[in-house]
Amino acid sequence: MTATLPLLEVRGLRTELPARHGALNVPLNVLDGVSFSLGRGRILGLVGESGSGKSATAFSIMGLLDPPARVAGGSIRFAGRELAGLPERELRRLRGNRIAMIFQDPMMTLNPVLTIGAQIVETVLAHARVGRAEARRRARDALGRVGVPGPEERLDAHPHELSGGLRQRVAIAIALLHEPDLIIADEPTTALDATIQAQILREIRGLVEGGRTAVLWITHDLSVAEQLSDEIAVMYAGRIVEQAPAGELLSRPAHPYTAGLLASLPRGPRGSRLTPIPGLPPTLSGRPAGCAFRPRCAAAAPACAADPPWRGRMDGRGGVRCLTPGPEGSR
Ligand SMILES: Nc1ncnc2c1ncn2[C@@H]1O[C@H](COP(=O)(O)OP(=O)(O)OP(=O)(O)O)[C@@H](O)[C@H]1O
Ligand SMILES: [Mg+2]
């Protein structure tokens, strides 16, 4: 039954940051039991406020955490193989061909001393048996597909000669050319204008519809997540608090935090009043025990001081971590 195994399965992922508390060493939980799975041909959107642990999730999976942050527990299975604790050499090989990461900063992908063309042609040649001229033609087409104007001339430019937005499009083009099994994208389109962003989201969907590639797409922007994703997972204080099919999550949120996020965003034609969630997300060292959203939650009960259990959806497409979820929580 290997065909039904998810491509990526993250279970109880704990990532900690060592911290000194007086004379004591009390590690802080950056990620506190993150679990989700992702199948080929699917896109999972990961949303949440700043500091909720979205990037930490991506970097933990890729083995790219900045020390002293480290994966301290849980499991990350990719195509049936455990990535947690895999030697750096093996992780680097996976990042080179089966997993592509698109970062917020494109210079984490691009080499400053090589021309754009040299970098893309190298990627093409690593994946297809074609001559240099054909590789250059494919490189030019790849740039065109992510909305780079005048792609022929751009091939001869160095990264520093391009604007930040163009550099980002080049980095995305390179990731797509790898035809990876898994793409992990951390807010890559936030700085791009809406038309280009829409074009890139279409390219990503096109690739995923081929059925081989899976995408984990991190964004602040719920409308981007909605346009792109099959399912959306919402993070709060180092945990996934709700996951559901994209349309349902937005129309019938089960977790009070998801509902609060939606109410605080300008959405829909009615132009209804925006209601911000009262209070602020906790700092890493100030997260309350039990449900971390409790101090900001109108529905909080004394029982929320204990860890709420994860209630999975019947259809396996997510769940909610809340004792008093909205009407959809009991499905
Ligand atoms: N290597 C590190 N050193 C110090 N703090 C870290 C490190 N890694 C993560 N953190 C902390 O972990 C928490 C989660 O951070 P993370 O960057 O994952 O949030 P995020 O959801 O990606 O936020 P943003 O939307 O701002 O990108 C934050 O409190 C952050 O300060
Ligand atoms: Mg981040």
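As a starting point, this report considers the structure included with it. (Residues numbered from 1 in each chain as written. Chains lettered and ligands numbered in written order. Predicted model: local features only at pLDDT ≥ 70, side-chain atom pairs only at ≥ 80, totals over all residues. Heavy atoms only, no water.)

Moving on, we get to the pairing of strand β9 (residues 182-186). Regular strands place side chains that alternate from one sheet face to the opposite one. With five of five residues buried, β9 lies mostly within the body of the structure. Residues of β9 alternate between two faces, with Leu182, Ile184 and Asp186 on one and Ile183 and Ala185 on the opposite face, all of them buried. Of the pairings in the sheet, the one linking strand β8 (residues 99-102) to β9 comprises four bridges and is parallel in character. Paired with Ala100 across the strands is Ile183, a residue of β9. Sheet topology places β9 next to strand β10 (residues 214-218); five bridges connect them, and they run parallel. The residue bridging Ala185 from the neighbouring strand is Trp217, located in β10. Traced from β9 through helix α7 (residues 194-209) to β10, the parallel crossover comes out right-handed. (Buried < 20%, exposed > 50% of the residue type's maximum accessible area, 1.4 Å probe, protein only. Helix = DSSP H or I, 4+ residues; strand = E, 2+ residues; numbered from the N terminus. Pairing = 2+ DSSP bridges. Right-handed = clockwise from strand over helix to strand, strands pointing away.)

Attention now goes to the sheet that holds β8. The mixed open sheet is built from eight strands, whose spatial order is β8-β9-β10-β5-β11-β12-β14-β13. Looking at the sheet topology across the chains shown, the edges are occupied by β8 and β13 (310-312). The mean angle between the axes of side-by-side strands here comes to 15 degrees, regardless of whether they run parallel or antiparallel. The sheet contact formed by β13 and strand β14 (residues 319-321) spans three bridges and is antiparallel. Following the sheet pairing, Trp310 is matched in β14 by Arg321. Set on the sheet, helix α1 (residues 54-62) makes contact with β5 (43-47), β8, β9, β10 and β11 (231-236); between it and β9 the angle comes to about 145 degrees. (Axes fitted to C-alpha atoms, helices over the stretch in contact; angles between N-to-C directions. Contact = heavy atoms within 4.5 Å.)

Here we come to the nonpolar core. Formed by 37 residues in total, the largest nonpolar core has its most connected members in Ile120, Leu143, Val170, Ile204 and Trp217. Those elements giving two or more residues to this core turn out to be β8, α3 (116-127), α4 (132-145), α6 (164-177), β9, α7, β10 and α8 (222-228). Take this core: its biggest share by element is eight residues, from α6. Leu13, Leu91, Ile184 and Ala214 belong to the second-largest nonpolar core, a separate cluster that totals 34 residues. (Core = buried A, V, L, I, M, F, W, Y, C linked by side-chain atoms within 4.5 Å.)

Taken in spatial order, the four strands line up as β4-β1-β6-β7 in an open sheet, and their pairing is antiparallel. The strands lining the two open edges of the sheet, one partner per strand, are β4 (28-38) and β7 (81-82). Pairing of strand β1 (residues 8-17) with strand β6 (residues 70-78) involves seven bridges; the strand directions are antiparallel. Residue pairing in the sheet places Thr15 in a bridge with Val71 of β6. Where α1 meets the sheet, its contacts fall on β1, β4 and β6, and the angle it forms with β4 comes to roughly 70 degrees.

This brings us to the packing of aromatic side chains. The description of an aromatic ring pair uses the distance of the two centres, along with the angle that the planes make with each other. If you walk through the whole model with that rule in mind, you get four aromatic pairs. A centroid spacing of 4.5 Å and a plane angle of 55 degrees characterise the contact between Tyr236 and Tyr257, whose relative ring orientation is tilted. Of the two residues, Tyr236 is situated in strand β11 and Tyr257 in helix α10 (residues 256-263); the sequence distance between them amounts to 21 residues. For the pair Tyr236 and Tyr257, one class covers both residues: buried. (Phe/Tyr/Trp six-rings, centres within 6.5 Å; stacked < 30°, edge-to-face > 60°.)

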